[in-house]
Amino acid sequence: MKVTDIVAQFAEPIVVAHGCTLWDVEYVREGDQRFLRLYIDKEGGVDITDCEAISRAVDPILDEKDPIAESYHFEVCSAGLERALKRPGDFARFMDSPVLVKLYRPKNGMKEFPGILRGYEDGRVTVEMGKDTFTFEKSEVALVRLRVEF
């Protein structure tokens, strides 16, 4: 089982007990350091108090369970307005919302497609851009994230 899955299992009930939802768990290397991040969300938005309370509640359990052998930094963050969509439920929740699809390789001379999310099935993402509709295979898509329009 992946570290992120292990951490999600024991962190999610704590996050929920604090009135939030666990959006994602990320374990990444940035430069020569490693970071374990919990991304949280709640109706009306997350604030620093939510992040701090959840961090203080999860930190001792991380020490106890010790799911990561090497040293790392632990952070609790808001999922953010322009959060990445990863799971089928994310796509269902934000259907018909503005998104940005980033591709690994250019298609029609473009690597980024800002549009409205119109479909998601078996990893295929459909986006409407004006009068055009594009469907991308899972293997083409590097990232899909919400897009805030001002």
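Our structure's up above, just so we're on the same page.
Definitions and cut-offs
Residues numbered from 1 in each chain as written. Predicted model: local features only at pLDDT ≥ 70, side-chain atom pairs only at ≥ 80, totals over all residues. Heavy atoms only, no water. Helix = DSSP H or I, 4+ residues; strand = E, 2+ residues; numbered from the N terminus. Contact = heavy atoms within 4.5 Å. Areas by Shrake-Rupley, 256 points an atom, 1.4 Å probe, with all protein chains shown as cover. Lys, Arg positive; Asp, Glu negative; His and termini not counted. Charge placed at Lys NZ, Arg CZ, Asp CG, Glu CD. Pairing = 2+ DSSP bridges. Axes fitted to C-alpha atoms, helices over the stretch in contact; angles between N-to-C directions. Expected span 1.5 Å × (residues − 1). Bend = angle between axes of the 7 residues up to and from the residue. Buried < 20%, exposed > 50% of the residue type's maximum accessible area, 1.4 Å probe, protein only.

Asker: Explain the overall build of the protein chain here, please?
Answerer: Helix and strand content of the protein chain: three helices and eight strands. Element order for the protein chain, N to C, with α for helix and β for strand: α-β-β-α-β-α-β-β-β-β-β. If one aligns the C-alpha atoms of the protein chain with their principal axes, the spans along those axes are about 55 × 35 × 25 Å. The contacts of the protein chain with a sequence gap of at least 6 include a subset with a gap of at least 24, amounting to 52%. For the protein chain, the computed accessible surface area is about 9,000 Å², with 49% contributed by carbon and sulfur atoms. Charged side chains in the protein chain number 21 positive and 28 negative. The centres of these two groups are separated by 5 Å.

Asker: I tried to follow the sheet that holds strand β2 (residues 33–41) on my own but got confused; where do I start?
Answerer: Strand pairing in a sheet relies on backbone hydrogen bonds. The paired strands run either parallel or antiparallel. Taken together, three strands build an open sheet; the order of strands is β1-β2-β3 and the sheet is mixed. Of all strands in the sheet, those bounded by a partner on one side alone are β1 (21–30) and β3 (73–78). Pairs of neighbouring strands in the sheet enclose a mean axial angle of 20 degrees, with direction left out of account. Summarising the sheet, β2 and β3 pair through six bridges and their orientation is parallel. Counted as the bridge partner of leucine 38 is valine 76 from β3. The strands that helix α1 (residues 3–17) touches are β1 and β2; relative to β1, the one it contacts most, it runs at about 140 degrees. Against the sheet, helix α2 (residues 48–65) engages β2 and β3, with an angle of about 145 degrees to β3.

Asker: Looking at this structure, I do not really get α1. What am I missing?
Answerer: Compared with the 21 Å implied by 1.5 Å per residue over 15 residues, the 22 Å span of α1 between its first and last C-alpha is a close match. Its axis deflected by about 40 degrees at alanine 11, α1 carries its strongest bend there, up to four residues before the proline proline 13. Of all the positions in α1, only Thr4, Val7, Phe10, Ala11, Ile14 and Val15 are classed as buried. The inward-facing, buried residues of α1 contact β1, β2 and α2. In the segment just after α1, glycine 19 is the residue with positive phi, at about 80 degrees.

Asker: What exactly am I supposed to notice about the pairing of strand β6 (residues 124–129) here?
Answerer: Along a regular strand, successive side chains alternate from one face of the sheet to the other. Looking at chain direction, strand β5 (residues 110–121) and β6 are connected through five bridges and run antiparallel. Residue pairing across strands places leucine 117 opposite valine 127, the latter belonging to β6. The antiparallel pairing of β5 with β6 creates a hairpin that spans two residues between the two strands, and aspartate 122 there sits at a positive phi of about 50 degrees. Here β6 pairs with strand β7 (residues 132–136) via five bridges, running antiparallel. Residue pairing for β7: glutamate 128 is matched across the bridge by threonine 133. Between β6 and the antiparallel strand that follows it, β7, lie two residues; glycine 130 among them carries a positive phi value of about 65 degrees.

Asker: Explain the sheet that holds strand β4 (residues 98–107) here, please?
Answerer: Read across the open sheet, the five strands follow the order β7-β6-β5-β4-β8; overall the sheet is antiparallel. With one partner strand each, in any of the chains shown, β7 and β8 (141–146) form the two edges of the open sheet. Going across the sheet, the axis of each strand differs from the next one's by a mean of 40 degrees, ignoring polarity. Bridge count for β4 against β8 is five bridges, and the pairing is antiparallel. Looking at the pairing, valine 101 lines up with valine 144 of β8.

Asker: It is not clear to me how the side chain of aspartate 50 should be interpreted in this structure. Could you clarify?
Answerer: Among the structural elements, aspartate 50 can be located in helix α2. Apart from residues lying up to four places away in sequence, aspartate 50 is in contact with Cys20, Ile40, Lys42 and Gly45.

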